[in-house]
There are 2 protein chains.
Amino acid sequence: MRNTRATLEERGIRLTKQRKILLEIIDQSGAHLDAEKLYQLAKERDPKLNRVTVYRTLKLLKESGLVDELDLMHFAGDQHYYETRMKQEHAHVICLQCGRVEEYFGEPLRALRQQIQESLGFEIVAARTEVGGYCPHCQAMRSEGLVAAVGVETMAIPAVPHAD
Amino acid sequence: MRNTRATLEERGIRLTKQRKILLEIIDQSGAHLDAEKLYQLAKERDPKLNRVTVYRTLKLLKESGLVDELDLMHFAGDQHYYETRMKQEHAHVICLQCGRVEEYFGEPLRALRQQIQESLGFEIVAARTEVGGYCPHCQAMRSEGLVAAVGVETMAIPAVPHAD
DNA sequence: CTGATTGCAAAGAATTTGCACTGCT
DNA sequence: AGCAGTGCAAATTCTTTGCAATCAG
């Protein structure tokens, strides 16, 4: 957040009340927010704040490289999710049953990036790895036959993930 | 394609004229098609074929695990791209300048998948790695100052990639 | 035959744009 | 003050749905 302000300033981007609110929400929220959820949260702080401003701000932050845009394997639809660009690269691993999203940090990610860079000669700017599968908890449920076997993309929007 | 028919048959899915056309186009096209491009190509073969059928068929193929859905870092917008599920896992590496898409196959991808599986205990069903950066050709252009430096996501829809 | 599949038109979801007003810097 | 930024309404883009007609198995 500290560096965020600096980056924005460099770009001559004004720090309005609305942007402050949105930045804080994105920063503080551990979860991966989509535009609508971000809008709902922002409205609590400033009921006048418009959905359009959310979209415009997200676009801005994306372009400035301050947030990353994910789609979590389109698990719950086609909306996009946003998170502040983290110091460390990570993969998102989503449970196709319960919707839980885990983050994976680890050496193999660096190795992969490194290798792609070398073998293709690309100068990599951004990388995204998303993985869909079944978390340990849901694997158990499935093998107990408690859950109907369905096509991977077939299930409806998930209920809230089970507790831990 | 041979196995495609089998898979569809198992599911009791009828092989209509329209579906045959769409399957062939997806199969034969080396490129990554979005729904609209697929529709355009299909219309050449059957002008009556409707856009809706394209969407329905893509959904079906996705659910049957016969095609993968990509978004190529949203480089050219929010549409999705489709490709037949390949035998081998691969990453998509897209040049943010010219739009060229390279595919990377390589051991590190397997290692990553393996590691995620082990450390998170997930049973992985599908994985997707997308990388944005600058291809060797565009790196050269950029360093020659032939191209204005722009924010990563700022550029317009790309022209056709330069020839190899 | 008969239920799955299509086409058409219309609805929906997510996101963007035009424009007059407002408020950072 | 002056222009970037906002809100509102309307437009766009991408995708899905309802329903009667059609066709594969």
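Just so it is clear, the structure is predicted and the values come from calculations on it, not from any experiment.

1. Some words on the pattern of salt bridges
- Under the counting rule described, the total for this entry stands at 22 salt bridges over all chains.
- The partner of Arg45 of chain A in a salt bridge is Glu24 of chain A, with the nearest N and O atoms 2.9 Å apart. Remark: Glu24 of chain A occurs in helix 2 (residues 17-28) and Arg45 of chain A occurs in helix 3 (residues 35-45); sequence separation between them is 21 residues.
- With a relative accessible area of 43%, Arg45 of chain A lands in the partly exposed category.
- With a relative accessible area of 26%, Glu24 of chain A lands in the partly exposed category.
- When the shortest N-O distance is used, the salt bridge between Glu36 of chain B and Arg51 of chain B registers 3.0 Å. With Glu36 of chain B in helix 3 (residues 35-45) and Arg51 of chain B in helix 4 (residues 51-63), this pair connects stretches of sequence that are 15 residues apart.

2. Some thoughts on the interface of chain B and chain A
- Listed as interface residues are 44 residues of chain B and, on the opposing side, 44 residues of chain A.
- Between chain B and chain A, roughly 3800 Å² of surface is buried when both sides are summed, and carbon and sulfur atoms account for 67% of that area.
- Contact with chain A buries surface across chain B, with Tyr104, Phe122 and Arg128 of chain B losing the most and accounting together for 17% of the total.
- At the junction of chain B with chain A, the criterion picks out four salt bridges.
- The closest approach of N and O atoms between Arg128 of chain A and Glu130 of chain B, which form a salt bridge, is 3.6 Å.
- Run the count over chain B and chain A and you get 19 residue pairs in polar contact (both at pLDDT 80 or more).
- At the level of elements, helix 4, strand 4 (91-95), strand 5 (101-104), helix 5 (107-120), strand 6 (123-134) and helix 6 (136-143) of chain B are the ones that each hand at least two residues to the side of chain B that touches chain A.
- Among the elements that take part in the side of chain B that touches chain A, strand 6 of chain B stands out by supplying twelve residues, more than any other.
- The residue inventory of the side of chain B that touches chain A, partitioned by class, reads 22 nonpolar, eleven polar and eleven charged.

3. A look at the sheet that holds strand 2 (residues 67-70) of chain A
Residue and element names in this part refer to chain A.
- Pairing in this open sheet of three strands is antiparallel, and the strands run 1-3-2 from one edge to the other. For this open sheet the edge positions go to strand 1 (33-34) and strand 2, each flanked by a neighbour on one side alone.
- Looking at chain direction, strand 2 and strand 3 (residues 81-84) are connected through four bridges and run antiparallel. Across the sheet, Asp68 pairs through a bridge with Glu83, a residue of strand 3.
- On top of the sheet, helix 4 (residues 51-63) reaches strand 2 and strand 3; it is set at about 110 degrees to strand 2, its chief contact.

4. Brief notes about the packing of aromatic side chains
- Scanning the entire structure with this criterion turns up zero aromatic pairs over all chains.
- Between the NZ or CZ atom of Arg142 of chain A and the centre of the ring of Tyr134 of chain A, over which it lies, the distance is 3.7 Å.

5. Quick word on unusual backbone geometry
Residue and element names in this part refer to chain A.
- A positive phi is found at His74, a non-glycine position, where the angle reads about 55 degrees.
- Along the polypeptide, His74 turns up in the loop between strand 2 and strand 3.
- For His74, a relative accessible area of 8% gives the class buried.

6. Some remarks on the packing of helix 3 of chain A against helix 4 of chain A
Residue and element names in this part refer to chain A.
- At their nearest, the axes of helix 3 and helix 4 sit 9 Å apart, and the two run at 120 degrees to each other. Here helix 4 runs oblique to helix 3, going by the angle between their axes. As for how helix 3 packs across helix 4, the hand of that crossing is right-handed. Taking contact as the criterion, the partners of Ala35, Glu36, Leu38, Tyr39 and Gln40 in helix 3 are, on helix 4, Arg51, Val54, Tyr55 and Leu58.

7. Things to note about the protein's contact with DNA strand C
- Near DNA strand C lie 18 residues; those nearest to it are Arg14 of chain A together with Arg14, Gln18, Thr53 and Arg56 of chain B.
- The side chain of Tyr55 of chain A places a nitrogen or oxygen atom 2.9 Å from a phosphate oxygen of DNA strand C.
- Going through the elements one at a time, helix 4 of chain A together with helix 2 (17-28) and helix 4 of chain B are the ones with two or more residues in the surface near DNA strand C.
- When its residues are assigned to classes, the surface near DNA strand C shows seven nonpolar, five polar and six charged.

Thresholds applied
- Residues numbered from 1 in each chain as written.
- Chains lettered and ligands numbered in written order.
- Predicted model: local features only at pLDDT ≥ 70, side-chain atom pairs only at ≥ 80, totals over all residues.
- Heavy atoms only, no water.
- Salt bridge = Lys/Arg side-chain N within 4 Å of Asp/Glu carboxyl O.
- Helix = DSSP H or I, 4+ residues; strand = E, 2+ residues; numbered from the N terminus.
- Buried < 20%, exposed > 50% of the residue type's maximum accessible area, 1.4 Å probe, protein only.
- Contact = heavy atoms within 4.5 Å.
- Buried area = accessible area lost by both parts, 1.4 Å probe.
- Polar contact = N/O pair within 3.5 Å; in protein donor to acceptor, adjacent residues only side chain to side chain.
- Nonpolar A, V, L, I, M, F, W, Y, C, P; charged D, E, K, R; others polar.
- Pairing = 2+ DSSP bridges.
- Axes fitted to C-alpha atoms, helices over the stretch in contact; angles between N-to-C directions.
- Phe/Tyr/Trp six-rings, centres within 6.5 Å; stacked < 30°, edge-to-face > 60°.
- Lys NZ or Arg CZ within 6 Å of the ring centre and 35° of its normal.
- Parallel < 35°, antiparallel > 145°, perpendicular 65-115°, else oblique.
- Left-handed = near helix turned anticlockwise from the far one by under 90°.
- Near = heavy atom within 4 Å.

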